[in-house]
Structures are given as C-alpha cells and as structure tokens.
Amino acid sequence: MRKERALFANPALAAVICNSNMVRDEIKLRFAVADEKLKVVYNAVDADSFTPALRAHRAEVRRHYGIPADALVYLLVGSGYERKGVIAALDALAMLPATARLIVVGRESNLRPYIRHARERDVLARVTFAGPQPDPKPYFGAADAFVLPSLYDPLPNAALEAMACALPVITSTKSGVAELVMGADAGFVCDARDSAALAAHMRTLEDGTRRERMGSNARNAVLPLSHAAMTLQLVLLYKELLEASVARRQAAKSRIGRPKAHPGVVPKADRSAARDSGGNADAS
C-alpha cells in the first residue's frame, strides 16, 4: 500500500488508465490524483464471438447437466468464489422457485464449502458447479440471465461478455460494470452481501419480456467497446502523453539555453514586455 501511494503521489505520473468510472473515483478519493490525469478506458469485448447466436448451445448444455429445457437458468462466471459472491448467489437461489437453476463456471481451489453451503440451503440439486472451462461461450448460450454479486470487481470481463450475449446482468455496487448496467437499463445492482435484494432482482427477471428488453439493452451498451475502438483510445492517449513529454523536454532545453540575466538587468527578449508593462517586469 505504501508503494501504491508513492506511485500515485509521484510528480512524474502523467496519467492513470482506469477501466471504469468506479475505479477512477476511488483513486481520486483515496490518492487525490487530479482529474485530468485519470483516464477511463473500458475493457474491450468481442461482440462477434460473444453473441445471442450462442443460444444454439442451449439445449446441448442443459441436456448435459440434466437441466430441464424450461428452467430459468442464471449463470455466474468467475474464479475465486468468495470474491465473486457465490455464497450470496446460493442464498438467493434458495429464495427462488424450484424451477430456477444456477450454473457456476470458474476456478475455485476449495469447492467443498460451497457444496456444503448449497446442501445446507437445500439447493444442491439446482446448482451446477461446472468448474473452469476452456471455452465458456456455450454456458452463456445456455443461460437466461447473468449474476455476479462480487465483493469487488474493477470491470469483470465475464459480465461484459454476458451483456454482449444479450443477457441481463445483476451485479454488485462494487463492480465497475454496474455503471454500464444501470446506464443502459440492462439489469440490476445491489449490495454484494444482500442476498434478499439479489433474489428479488432474479425474480424480476422471471418476466421474459423484461429479460428480452434488458438483454437487448445490454448488448447495445457494449457494442461500442470493440477491440479496435478501445485500442484506438489507448493509442490516442499515448500519443497525447508523448507529445506532452516532448513539449516539456523542448521547453526545458530552451530554458537551459537562455543566457543568465545579471541582477537588475532585463534579458533582451523580455525588454519589450518590460516596456509594455511600465518597466516593472520581474527579471529573476
């Protein structure tokens, strides 16, 4: 933390690339970094690969895991289940109708506590712990909605991918994607530990018309975040920083090359300014 503070306080710091407004605001508040140094560039998402067309996998994935074709499936994708809010998702699932299902995709070093918790909440038969997957796209295609009640997430790629797949998203107030979700009316946001609120939002998405509308909004919200667009933003930012650096070096060389003025003598280049100001220019 000391090293982090030293980094942000360093006078040589030209810019901080933040991948969400939430991150930008936290850095500003915690380290008092000037607004002009804080640049927001969202993570890119491949909306050609993550697309509603992945629903072609829906029947296959559900059949593989024994999930009824008419079940309402919520998907959670993320590694490190504690930070990603899997416990809250399990608690919320316990408050939903028996037809609701949850698929969890991602790596977790100790799965036993989550299996035990699901059993204690009597939802183990309705949860699929799919583990890490080399290609999660079919799981997005099998889902009806995406949940990610993370304790903290600067900007989760999985949520952006879900949005590109036209899935409505329910996430936490401490996730950078919340600003995109709320700004586009593409889902809901609640406190990461408020499983009752999470369940209420999940129940709201039982309405198919609402799911379709919010899912469409979600995809439209992330279409501008293409790899080409985000790369261009970064290139333009680095161009701006390099030009400013060159200008500073040239100004420094210009100051070094100027002859020193004797006490009480105005340098030749400044004499006209001295006359215009009534001869009161500071020669120091």
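Computed from a predicted model, the values in this text were never measured in an experiment. (Residues numbered from 1 in each chain as written. Predicted model: local features only at pLDDT ≥ 70, side-chain atom pairs only at ≥ 80, totals over all residues. Heavy atoms only, no water.)

**Side note on the sheet that holds strand β6 (residues 145-148)**
Spelled out, the test is: Two strands form a pair only when DSSP identifies at least two bridges running between them. The secondary structure listing takes helices from DSSP runs of H or I that are at least 4 residues long and strands from runs of E that are at least 2 residues long, numbered from the N terminus. Only the contacting stretch of a helix is used when fitting its axis, a line to C-alpha atoms as for every element, and angles between N-to-C directions run 0 to 180 degrees.
Taken in spatial order, the six strands of this open sheet run β5-β4-β3-β6-β7-β8, and their pairing is parallel. Edge strands, defined here as strands with exactly one partner in the open sheet, are β5 (127-131) and β8 (187-190). Sheet twist, expressed as the average angle between the axes of neighbouring strands with direction ignored, equals 20 degrees. Taken together, the six bridges between strand β3 (residues 72-77) and strand β4 (residues 100-105) define a ladder with parallel strand orientation. The partner of Val77 across the bridge, within β4, is Val105.

**Section: the pairing of β3**
Convention followed: Classification of residues uses two cut-offs on accessible area relative to the type maximum, computed with a 1.4 Å probe and protein chains only: under 20% is buried, over 50% is exposed, and between them is partly exposed.
For β3, the buried fraction is high: six of the six residues fall into the buried class. Of the two faces of β3, the one lined by Leu72, Tyr74 and Leu76 and the one lined by Val73, Leu75 and Val77 are each fully buried. Alignment of β3 against β6, held across two bridges, turns out to be parallel. The residue of β6 that forms the bridge with Tyr74 is Ala145.

**Some thoughts on the packing of helix α8 (residues 157-164) against helix α11 (residues 208-222)**
Going by this rule: Whether two residues are in contact is decided by their heavy atoms, any of which lying within 4.5 Å being enough.
It is the contact of α8 with α11, at a shortest axis distance of 7 Å, that shows an interaxial angle of 115 degrees. For the pair α8 and α11, the contacting residues are Leu160, Met163 and Ala164 in the first and Gly215, Ala218, Arg219, Ala221 and Val222 in the second.

**Focus: the environment of Ala44**
Inspection of the secondary structure puts Ala44 in the loop between β2 (38-40) and α3 (58-65). Between the C-alpha atoms of Ala44 and Leu124, which are 80 residues apart in sequence, the distance is 35 Å. When residues no more than four places from it in sequence are discounted, the contact partners of Ala44 are Asn157, Leu225, Ser226, His227 and Met230.

**Concerning α11**
Rules: For a helix, the expected span equals 1.5 Å multiplied by the residue count minus one. Starting at the helix axis, one direction is taken to each C-beta atom, and the arc is that of these directions. Pairing of N or O atoms within 3.5 Å defines a polar contact, subject to two protein rules: one partner must be a possible hydrogen donor and the other a possible acceptor, and residues neighboring in sequence count only if both atoms are side-chain atoms.
A rise of 1.5 Å per residue sets the reference length of α11, with its 15 residues, at 21 Å; its end C-alpha atoms lie 21 Å apart and thus fit the reference within 8%. Listing the buried residues of α11 in full gives Arg211, Met214, Gly215, Ala218, Arg219 and Val222. The buried residues of α11 all sit within an arc of 140 degrees when viewed along its axis, so they share a single face. Exposed side of α11, more than 90 degrees from the buried face: Thr209 and Glu212 are the residues found there. Residues of α11 that are buried make contact with β3, α8 and β8. Looking at where α11 begins, the residue whose side-chain oxygen comes 2.9 Å from the main-chain nitrogen of Thr209 is Asp207.

**Here we look at the packing of aromatic side chains**
Which entries qualify depends on this criterion: Aromatic pairs are defined between Phe, Tyr and Trp rings, using the six-membered ring for Trp, whenever the two ring centres lie within 6.5 Å; interplanar angles under 30 degrees are classed as stacked, those over 60 as edge-to-face, and all others as tilted.
Scanning the model with the defined rule gives six aromatic pairs in all. Where Tyr81 meets Tyr114, the ring centres are 5.3 Å apart and the plane angle is 80 degrees; that geometry is what we call edge-to-face. Of the two residues, Tyr81 is situated in helix α4 (residues 81-84) and Tyr114 in helix α6 (residues 112-120); the sequence distance between them amounts to 33 residues. The buried category is assigned to Tyr81, whose relative accessible area is 1%. On the basis of relative accessibility, which here comes to 8%, the residue Tyr114 falls in the buried class. Taking the centre distance of 6.4 Å and the plane angle of 20 degrees together, the rings of Tyr81 and Phe129 count as stacked. Of the two residues, Tyr81 sits in helix α4 while Phe129 sits in strand β5, which places them 48 residues apart along the sequence. There is no split in this pair, since Tyr81 and Phe129 are both buried.

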